[in-house]
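Geometric and topological summary
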Amino acid sequence: MMVSRESPTLRQQATDILRQAIISQRFPPGKHLVERELCELLGVSRTSVREALRHLESEDLIKMVPHKGPIVRRLSYAEANDIYQVRAALEGLAGDLFARNASQETINRLEAVAANMAAAVFNPDPDVILRIRTQFYEVLSEGAGNAVCARMSELLLARVCLLGRMSLPGHIENNQMIKEVQDIVDAAKAREPQKMREACAVHVESAARIALPQLREMEQADEAAAQ
């Protein structure tokens with residue numbers, strides 16, 4: 001009955017690394033994950049890998065296919081639409097709580113990350129803006145001070161990341177995204193919960209308007225090819 005004092009555990013480390021590999025699209029949707037190869041990549045036992053895969057399955061990042069094994073999930077249009085709707089509500093709540101609870105230091109950090117995001121939107125490497133955007137949501141969740149909201153937002157954000165670069169703004173939407181992020185920062189600095197809630201929800205809804213049409217087109221193309 002001894003409890004390991006190792007922190008984090010090998011399983012946790014393996015889970016975190018595999019999750020990030022999926023989010024960054026090193027393992028893209030549809031990728032077959034082979035346990036033996038993962039053991040070699042991570043340098044851990046098959047037991048640790050299997051535990052990590054079970055955890056990622058519970059997060060809906062992978063699915064177990066009979067006679068094939070774990071596959072990185074590919075979100076359908078309907079699933080993505082549902083996720084964006086819930087995320088808009090959750091991020092709105094996080095924004096409301098942030099305006100009420102965040103320390104001045106956390107507000108300053110949010111402003112700093114927003115500035116980095118504005119500077120990075122024209123970067124040719126999309127992974128840069130994805131990484132900074134994740135940092136923005138992490139600071140937002142931290143300042144909100146609600147662990148349940150933070151955990152649910154984290155899980156949904158990870159699933160949205162299965163869409164890869166679809167939710168990134170194009171050149172036309174870049175200025176709009178910068179404005180949306182600045183609206184969030186301005187509401188936070190002014191300590192206005194309702195404006196913060198609305199600004200956060202609008203930002204998520206804008207990402208949905210960019211990603212969902214692309215996902216629908218992909219599904220339609222797949223259906224046409226299958227006929």
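All of these numbers come straight from a predicted model, not from anything done at the bench. (Residues numbered from 1 in each chain as written. Predicted model: local features only at pLDDT ≥ 70, side-chain atom pairs only at ≥ 80, totals over all residues. Heavy atoms only, no water.)

A few points about the confidence of the model for the chain
As a reminder of what qualifies: Scored between 0 and 100, pLDDT is the confidence that the predictor attaches to each residue. We call two residues in contact whenever any of their non-hydrogen atoms come within 4.5 Å of each other.
This prediction gives the chain a mean pLDDT of 88; 92% of its residues lie at or above 70. Contacts of residues 1-5 to residues separated by more than four positions or lying in other chains number zero contacts, the stretch itself having pLDDT below 50.

A few points about the packing of helix 4 (residues 77-101) against helix 6 (residues 126-144)
What counts, and what does not: For every element, the axis is a line fit to its C-alpha atoms; helices are fit only across the contacting stretch, and the angle between N-to-C directions ranges from 0 to 180 degrees. Labels follow the DSSP assignment, with helices taken as runs of H or I lasting at least four residues and strands as runs of E lasting at least two, numbered in each case from the N terminus. Between 65 and 115 degrees an angle is taken as roughly perpendicular, under 35 as roughly parallel, over 145 as roughly antiparallel, and anywhere else as oblique. Left-handed describes a crossing whose near helix is turned anticlockwise from the far helix by less than a right angle; the clockwise case is right-handed. The nonpolar class holds Ala, Val, Leu, Ile, Met, Phe, Trp, Tyr, Cys and Pro. Asp, Glu, Lys and Arg form the charged class, and all remaining residues, Gly among them, are polar.
Between helix 4 and helix 6, the least distance of the axes is 7 Å, while the angle of their chain directions is 55 degrees. Judged by the inter-axis angle, helix 4 sits oblique to helix 6. As helix 4 runs across helix 6, the sense of the crossing is left-handed. On helix 6, the residues touching Arg87, Glu91, Ala94, Gly95, Leu97, Phe98 and Asn101 of helix 4 are Tyr137, Val139, Leu140, Gly143 and Ala144. Classifying every residue of the contact of helix 4 with helix 6 gives seven nonpolar, three polar and two charged.

Some points on the pairing of strand 1 (residues 62-65)
We apply this condition: Whether two strands pair comes down to DSSP finding at least two bridges between them.
Both strand 1 and strand 2 (residues 69-72) contribute to a ladder of four bridges, which runs antiparallel. Bridging from a neighbouring strand, Met64 pairs with Pro70 of strand 2. Between strand 1 and strand 2, which pair antiparallel and follow one another directly, the connecting turn spans three residues, one of which, His67, has a positive phi of 65 degrees.

Describing the layout of surface pockets
What counts here: The way it works is a 1 Å grid over only the protein atoms, where trapped points that fit a 1.4 Å probe form a cavity and open points with protein on both sides within 12 Å along at least five of seven lines form a pocket, and then any residue with an atom within 4 Å of a point lines it. Grid points are joined across faces, edges and corners, and a volume is the space filled by probe spheres set on the points.
Of the volumes computed, that of the largest pocket is approximately 540 Å³. Looking at the largest pocket, it is lined by 23 residues, and the ones nearest its centre are Gln20, Ile23, Thr134, Glu138 and Leu157. Element by element, the count of residues in the lining of the largest pocket is highest for helix 6, at nine residues. Across the lining of the largest pocket, the residue classes break down as seven nonpolar, seven polar and nine charged.

Overview of helix 6
To keep it simple, the criterion reads: One less than the number of residues in a helix, times 1.5 Å, gives the span that helix is expected to have.
Here helix 6 is 19 residues long and its end C-alpha atoms lie 27 Å apart, about the 27 Å a rise of 1.5 Å per residue gives. One or two residues past the end of helix 6 sits Gly145, with phi positive at roughly 75 degrees.

Regarding the packing of helix 4 against helix 9 (residues 193-226)
Taken N-terminus to C-terminus, the directions of helix 4 and helix 9 make an angle of 165 degrees; their axes are 7 Å apart at the nearest point. Considered as vectors, helix 4 and helix 9 are oriented roughly antiparallel to each other. The hand of the helix 4/helix 9 crossing is right-handed. Each residue belonging to the contact of helix 4 with helix 9 can be placed in one class, and the counts come to 17 nonpolar, three polar and eight charged.

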